[in-house]
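Next come the chains, spelled out residue by residue.
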Amino acid sequence: MVRIDSRKIVEKHKCERTFFMNKSYNNILKSIYDEFIISDIENKIGKIDNDNLDEIINRVIKYVKRHYDIDYQNNKITSRISNFYGKHKKFTRCMLISISIFDENSDIIDLVGKNNFYESGKWEVDHIVPSSQKYNKFNKRNVRLKNRIGNLTLLTKDTNSRISNESFYQKRKVLDDNERVLKVNEIFNVNKTNISKKDIRAREEELNGLIYKIFIENNGEVFKSKIRMLKGNNSINVVKGK
């Protein structure tokens, strides 16, 4: 009978965890964003120095700034993107995840730990008001609102496949608890049957304000502090680099 020294196994796993934690700070990003988002960041901003946490933070902030015109005097941003659902969908997913976990009132440890945002294909961008619904449709004057970030949200692939073309009212009934508590899904807690075009514009302004507060205000101090909080927490499963 072969005897197994459990102490060696424990030490082996501790060493493996420490190795992967120290091997690459980029693994912090891999515990938040999926591989397609990280690839989009590197394609647009350049390869990240995995051993420099400050550089990783600054490159993500630069990635965000690339997509907005910034009015520092009035503390606001204006998107350079007209269609958040087309070729910029990776960036949109990045922003919706970021708003959910980096909001200053959100518990980043809890949200990252239980939602696995890093899993490719688990979370998808979905329309709040779909173009296919039979009433409250988009017309020629407001059709561009359909793919603005104010009309987009974050749902699991399972939920999205079931309700993608349903009305706002029907979608409200189906969201699970983890989806419903996300900052970007607060709109589904509103006691309304329909969401108006005015609501979409107001929500975009609200989301832009949150993006500004997280990534721009005080040189992105909210984002920086949350990332460092995440790095210092040992209960988060940091995804192993390839």
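What you see is a predicted model; the values in this text were computed from it and never measured.

1. Focus: the overall build of the protein chain
Part 1: Broken down by element type, the protein chain carries eleven helices and four strands.
Part 2: Relative to its 242 residues, the protein chain shows a buried fraction of 46%.
Part 3: For the protein chain, the proportion of contacts with a sequence separation of at least 24, taken over those separated by at least 6, is 69%.
Part 4: Summing over all exposed atoms, the protein chain offers an accessible surface of approximately 13,300 Å²; the carbon and sulfur share of this is 46%.

2. Remarks on the pattern of salt bridges
Part 1: By the definition in use, this model includes 14 salt bridges.
Part 2: Measuring nitrogen to oxygen at the nearest pair gives 2.8 Å for the salt bridge that ties Asp-34 to Arg-93. Taken as a pair, Asp-34 in the loop between helix H2 (26-30) and helix H3 (35-45) and Arg-93 in helix H5 (residues 89-102) lie far apart in primary sequence, 59 residues in all.
Part 3: Residue Asp-34 is classed as buried on the basis of its relative accessible area, which comes to 2%.

3. Some words on the confidence of the model for the protein chain
Part 1: Mean pLDDT over the protein chain stands at 84; residues scoring 70 or higher make up 83%.
Part 2: Within the protein chain, helix H1 (residues 6-23) has the poorest average pLDDT of any element, 39, and strand E1 (residues 68-71) the best, 98.
Part 3: Every residue in residues 6-24 is under pLDDT 50, and counting partners more than four places away or in other chains gives twelve contacts.

4. Focus: the nonpolar core
Part 1: Judged by nonpolar contacts, the single largest core of 51 residues is most densely connected at Tyr-33, Met-95, Ile-101, Phe-102, Phe-215 and Phe-223.
Part 2: Per element, the largest residue contribution to this core is eight residues, and it comes from H5.
Part 3: When near neighbours in sequence (up to four residues on either side) are disregarded, Phe-102 contacts Ile-32, Tyr-33, Ile-108, Ile-214, Val-222, Phe-223, Lys-226 and Ile-227.
Part 4: Counting residues in hydrophobic clusters, the runner-up holds twelve residues, among them Ile-163, Phe-168, Ile-195 and Ile-200.

5. Let's talk about the packing of H5 against helix H10 (residues 197-216)
Part 1: Two numbers describe how H5 lies on H10: the axes approach to 10 Å, and their chain directions differ by 70 degrees. It follows that H5 is roughly perpendicular to H10 by the angle criterion. You can see that H5 and H10 cross each other, and the crossing is left-handed. Here Met-95, Leu-96, Ser-98, Ile-99 and Phe-102 of H5 lie close against H10, whose contacting residues are Leu-207, Leu-210, Ile-211, Ile-214 and Phe-215.

What counts and what doesn't
Within any chain, residue numbers begin from 1 and follow the written order of that chain's sequence. Given that the model is predicted, a residue must reach a pLDDT of at least 70 before its local features are reported, and side-chain atom pairs must reach 80 or more before they are shown or counted; all residues, however, enter totals for whole chains, interfaces and linings. Calculated side-chain values reflect all of the structure's heavy atoms, with hydrogen atoms and water omitted. We count a stretch as a helix when DSSP gives it H or I for four or more residues in a row; a strand needs E for two or more, and each element gets its number in order from the N terminus. Working definition: with a 1.4 Å probe on protein chains only, accessible area under 20% of the residue-type maximum means buried, over 50% means exposed, and in between means partly exposed. The contact rule is simple, with two residues in contact once any of their heavy atoms fall within 4.5 Å. Note on areas: Shrake-Rupley, 1.4 Å probe, and residue coverage restricted to the protein chains presented here. Salt bridges are identified by distance alone: a Lys or Arg side-chain nitrogen within 4 Å of an Asp or Glu carboxyl oxygen. Each residue carries a pLDDT value, the predictor's own confidence for that position, ranging from 0 to 100. We call a set of buried residues a nonpolar core when its members are Ala, Val, Leu, Ile, Met, Phe, Trp, Tyr or Cys and they connect through side-chain atoms within 4.5 Å of each other. A fitted line through C-alpha atoms represents every axis, and for helices the fit uses only the stretch in contact; the resulting angles, taken between N-to-C directions, go from 0 to 180 degrees. Orientation categories follow fixed angle ranges, with anything under 35 degrees roughly parallel, anything over 145 roughly antiparallel, 65 to 115 roughly perpendicular, and all other angles oblique. Crossing handedness is defined as follows: a turn of the near helix away from the far one that is anticlockwise and smaller than a right angle gives a left-handed crossing, while the clockwise case is right-handed.

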